[in-house]
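Report on the structure
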Amino acid sequence: KKSDPRPKNAHSILLKDFQISTEKYYKIQNFHYQATLANTFAESVKNRTFDIVEMADYDCFGKYIRSALEKKNVTYKKIVLSLHGNISDSLRFSNYNYQTSEFDRNALKFLELCHFQTSDIKYGISPKYIDYWKKIYESEIDYFDPIQFSSIDLNLTINEAAKINSVKNIKPNLLSVGRLEARKGHENFLDIVSYLNPKFYLNVNIIGEDQFLNKKIKASTALREIGKKRSIQNLNCLGSISQKELE
């Protein structure tokens, strides 16, 4: 995003048009979709040279990325995988009425495993999720502590923050941050908020990339409906925002 600071040696690259039907978007386990995604990325950076090519594990195009990059004359040293959360478990744990068959989940798990195996280097910010993958596939995975990359004052205790807000007569905003999928616990967050007296807070903000639950319904729509049923006031689904805006 434009509001995020960008290192001087970092440059954006225009992504080529992604030609695939909208319906296939909701079928992430579709092999053709993932192959098209890999080819689109490779076409966008053809004839370029990189030290690393980094992928996130909530995509599954790793099975095709090496051959796609080779065809487009893209050279690189390593492929790096960042561990955020796989989609197959998100669908399995989902309680937003997203229905998917066991066959589709197994196809997705196969693509996720290929995606994982393709990478040369793997890292994550959750020890629990790292252990999850180590039980599935024996591999070295580096751990990055996300706190060291944050500019938030960790020495400011909850009580101190509450005292500052009280003196300044400021009501806090309540935040739940993460992709809008059931595994992130946004519905649990709304359950907790429903027990709070609304006079003690200003807004209830859910921050994170939206997800489609089916061909028509987005997770933000489902969460707003849950908030309405729990009589939660001033509920906002803000989508993705920059770290500066979050802080």
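Residues numbered from 1 in each chain as written. Predicted model: local features only at pLDDT ≥ 70, side-chain atom pairs only at ≥ 80, totals over all residues. Heavy atoms only, no water.

1. Things to note about the environment of Tyr-137
Along the chain, Tyr-137 turns up in the loop between helix H6 (127-136) and strand E4 (142-143). Its relative accessible area of 30% is what places Tyr-137 among the partly exposed residues. As a C-alpha pair, Tyr-137 and Gln-117 span 20 residues in sequence and 8.4 Å in three-dimensional space. Those residues in contact with Tyr-137 that sit more than four places away from it in its chain are Leu-113, Phe-116 and Gln-117. (Helix = DSSP H or I, 4+ residues; strand = E, 2+ residues; numbered from the N terminus. Buried < 20%, exposed > 50% of the residue type's maximum accessible area, 1.4 Å probe, protein only. Contact = heavy atoms within 4.5 Å.)

2. Looking at the confidence of the model for the protein
Predicted confidence across the protein gives a mean pLDDT of 82, with 79% of residues reaching 70 or more. Counted against residues more than four places away or in other chains, residues 22-26, with its pLDDT under 50, gives ten contacts. (pLDDT = per-residue confidence, 0-100.)

3. Comments concerning empty space enclosed by the protein
Gaps left between atoms are located by rolling a probe of water-molecule size over the structure's atoms. Counting across every chain of the model gives one cavity of 30 Å³ or more. Reported here for the largest cavity is a volume of approximately 30 Å³. Contributing to the lining of the largest cavity are Asp-57, Leu-81, Asn-86, Glu-112, His-115, Phe-116 and Trp-133. No other element matches the three residues that helix H5 (residues 102-118) contributes to the lining of the largest cavity. The residue inventory of the lining of the largest cavity, partitioned by class, reads three nonpolar, two polar and two charged. (1 Å grid on protein atoms, 1.4 Å probe; cavity = no way out; pocket = protein on both sides within 12 Å on 5 of 7 lines; lining within 4 Å. Points joined across faces, edges and corners; volume = space filled by probe spheres on them. Nonpolar A, V, L, I, M, F, W, Y, C, P; charged D, E, K, R; others polar.)

4. Some points on the sheet that holds strand E5 (residues 174-177)
Strand order in the open sheet formed by three strands is E5-E6-E7, and the pairing between neighbours is parallel. At either margin of the open sheet sits one strand with a lone partner, and together these are E5 and strand E7 (235-239). Each adjacent strand pair in this sheet contributes to an overall mean axis angle of 20 degrees, direction not counted. Of the pairings in the sheet, the one linking strand E6 (residues 204-207) to E7 comprises four bridges and is parallel in character. (Pairing = 2+ DSSP bridges. Axes fitted to C-alpha atoms, helices over the stretch in contact; angles between N-to-C directions.)

5. Some details on the packing of aromatic side chains
Across all of its chains, the model carries seven aromatic pairs by this definition. Summarising the aromatic geometry, the rings of Phe-116 and Tyr-137 are spaced 5.6 Å apart at their centres and angled 80 degrees between planes, so their arrangement reads as edge-to-face. A residue pair is termed long-range when its members are at least 10 positions apart, and Phe-116 in helix H5 and Tyr-137 in the loop between H6 and E4 qualify at 21 residues. Between Tyr-129 and Tyr-132, the ring centres sit 5.6 Å apart and the planes meet at 15 degrees, which makes this aromatic pair stacked. Within this pair, Tyr-129 and its partner Tyr-132 are both found in helix H6, separated by three residues, close to a single helical turn. Residue classification places Tyr-132 among the partly exposed positions, given a relative accessible area of 23%. (Phe/Tyr/Trp six-rings, centres within 6.5 Å; stacked < 30°, edge-to-face > 60°.)

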